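Topology and contacts: notes
What follows is the residue order along each chain.
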Amino acid sequence: LIPIGVTCILLAKTMEMLSDIVYVDTTALIGFLVSLVVIFAAGTGNPFFTTDTAAALRASEIGAEAMLMAKNGVDGVYDKDPNMYDDAIKFDHLTHTEVLEKGLKVMDLSAAEIARDNDINILVFDMNAKDAIKDAVSGKKIGTIVTRK
């Protein structure tokens, strides 16, 4: 475990340019115990698994209560693509089951199922918005929250 400031980057596969630490759930937990911000990068390293699924999988492995899903230019979950449809309706809150039943394209179905089955809340927000990550981790009401109930 090599901290970089207050951050530790864990990768699915070795990429020496970024980090020489390959993901193991105990390594991540040790990082949390010593108060590091742990960043999971590079998906699972396996074909056919999206980064959404990797994020949900890693969150479930470490017992996370929530995951942040930062989107590029979209500030939450909509009934249809807001970049293509002016009449798209934004949801402030959804359940995992609603995401699955409505076929909302915010994440792949495997990720939504893993999050639902492991009771992991998902905050979907626009990563380009000013102070977005700070607002997300401080509990400010932004984006869409997806919960079990």
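Bear in mind the structure is a predicted one, so any value in this text is a computation, not a measurement.

Another point: the environment of Thr147. Inspection of the secondary structure assignment puts Thr147 in strand β8 (residues 144-147). Once you skip the residues sitting within four places of it in the chain, Thr147 turns out to touch His93, Leu94, Thr95, His96 and Asn121. For Thr147, the side chain forms a polar contact with the side chain of His93, separated by 2.6 Å.

A few words now on the pattern of salt bridges. A full pass over the atoms with the stated rule returns seven salt bridges. Its salt-bridge partner being Lys134, residue Asp131 comes within 4.0 Å of it at the nearest N-O pair. Here Asp131 falls in the partly exposed class, since its relative accessible area comes to 35%. Lys140 is paired through a salt bridge with Asp135; the nearest N and O atoms lie 3.8 Å apart. Within this structure, Lys130, Asp131 and Lys134 form a network of salt bridges that share partners.

Analysis parameters
- Residues numbered from 1 in each chain as written.
- Predicted model: local features only at pLDDT ≥ 70, side-chain atom pairs only at ≥ 80, totals over all residues.
- Heavy atoms only, no water.
- Helix = DSSP H or I, 4+ residues; strand = E, 2+ residues; numbered from the N terminus.
- Contact = heavy atoms within 4.5 Å.
- Polar contact = N/O pair within 3.5 Å; in protein donor to acceptor, adjacent residues only side chain to side chain.
- Salt bridge = Lys/Arg side-chain N within 4 Å of Asp/Glu carboxyl O.
- Buried < 20%, exposed > 50% of the residue type's maximum accessible area, 1.4 Å probe, protein only.

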